[in-house]
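Architecture and fold: a report
Here is what each chain is made of, one letter per residue.
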Amino acid sequence: MFGYPPRHCRKASGRRIQSRTGQLSHWLGTASGGFTPNDGNALTNIPTSWHVADVGDYNGDGRDDILWRSDSGQLSDWLGTASGGFTPNDGNAATGVPTSWHVQLPDSLWV
């Protein structure tokens, strides 16, 4: 499994976990510094051709969102929900980007 910690968020609320088969979950941070699964709200399957490119608060609601990038250059984001899950935002954010372009951290600018 791969863990994706929030890179840009001032409030780290948990860790995204993605298996090699594409299963994705979001584990919530606990007061003791550990994590607890949130599979009831955040367990889903993602095609293995899609990868987490970055994590940040892209819509300004104070929740972590996921920026996705496919091997073919497709780009989209999922918006964080109050339950700790995510909702696709393809209607507003799905687009194609040439594979020669890459997410530039820490500001998620394309170069």
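Data block above holds the structure.
Now for a look at the structure at hand.

What counts, and at which threshold
- Residues numbered from 1 in each chain as written.
- Predicted model: local features only at pLDDT ≥ 70, side-chain atom pairs only at ≥ 80, totals over all residues.
- Heavy atoms only, no water.
- Helix = DSSP H or I, 4+ residues; strand = E, 2+ residues; numbered from the N terminus.
- Buried < 20%, exposed > 50% of the residue type's maximum accessible area, 1.4 Å probe, protein only.
- Contact = heavy atoms within 4.5 Å.
- Areas by Shrake-Rupley, 256 points an atom, 1.4 Å probe, with all protein chains shown as cover.
- Lys, Arg positive; Asp, Glu negative; His and termini not counted.
- Salt bridge = Lys/Arg side-chain N within 4 Å of Asp/Glu carboxyl O.
- Polar contact = N/O pair within 3.5 Å; in protein donor to acceptor, adjacent residues only side chain to side chain.
- Core = buried A, V, L, I, M, F, W, Y, C linked by side-chain atoms within 4.5 Å.
- Pairing = 2+ DSSP bridges.

A tally of helices and strands in the protein chain yields two helices and 12 strands. Each helix and strand of the protein chain, ordered N terminal to C terminal, gives the series β-β-β-β-α-β-β-β-β-β-α-β-β-β. Split into buried and exposed, the 111 residues of the protein chain put 36% on the buried side. Residue pairs in contact within the protein chain that sit at least 24 positions apart in sequence constitute 31% of those at least 6 positions apart. In the structure as shown, the protein chain presents an accessible area of about 6,400 Å², 52% of it carried by carbon and sulfur atoms.

As a further point, take the environment of L43. Looking at where L43 falls in the secondary structure, it is placed in the loop between α1 (39-42) and β5 (44-45). The class of L43 is partly exposed, set by a relative accessible area of 43%. With residues up to four places along the chain from it excluded, the contact list for L43 reads Q23, L24, S25 and N38.

On the secondary structure map, D65 appears in strand β7 (residues 65-70). Although D65 is buried, it makes no salt bridge; R63 carries the closest opposite charge, 7.5 Å away. Polar contacts involving the side chain of D65 include one to the main-chain amide nitrogen of G80, which spans 2.7 Å.

This next bit is on the nonpolar core. Within the largest apolar cluster, eight residues are counted, these being L24, I46, V52, V55, I66, W68, W78 and F86. Going through the elements one at a time, β6 (50-56) and β7 are the ones with two or more residues in this core.

This brings us to the pairing of strand β3 (residues 23-29). Judged from the two bridges that link them, β3 and β5 form a sheet pairing that is antiparallel. If you follow Q23 over to β5, its bridge partner there is N45. The sheet contact formed by β3 and strand β4 (residues 35-37) spans three bridges and is antiparallel. Bridge pairing in β4 places W27 opposite P37. Linking β3 to β4, which pair antiparallel, is a turn of five residues; within it G33 sits at a positive phi near 95 degrees.

We now examine the pairing of β7. Buried residues dominate β7, accounting for six of its six residues. Side chains D65, L67 and R69 project from β7 onto one buried face, and the interleaved I66, W68 and S70 project onto a second face that is buried too. With six bridges joining them, β6 and β7 adopt antiparallel strand pairing. In the sheet register, H51 faces β7, and the bridge partner there is R69. Both β7 and strand β8 (residues 74-80) contribute to a ladder of four bridges, which runs antiparallel. Residue pairing for β8: R69 is matched across the bridge by L75. Between β7 and β8, which pair antiparallel and follow one another directly, the connecting turn spans three residues, one of which, G73, has a positive phi of 100 degrees.

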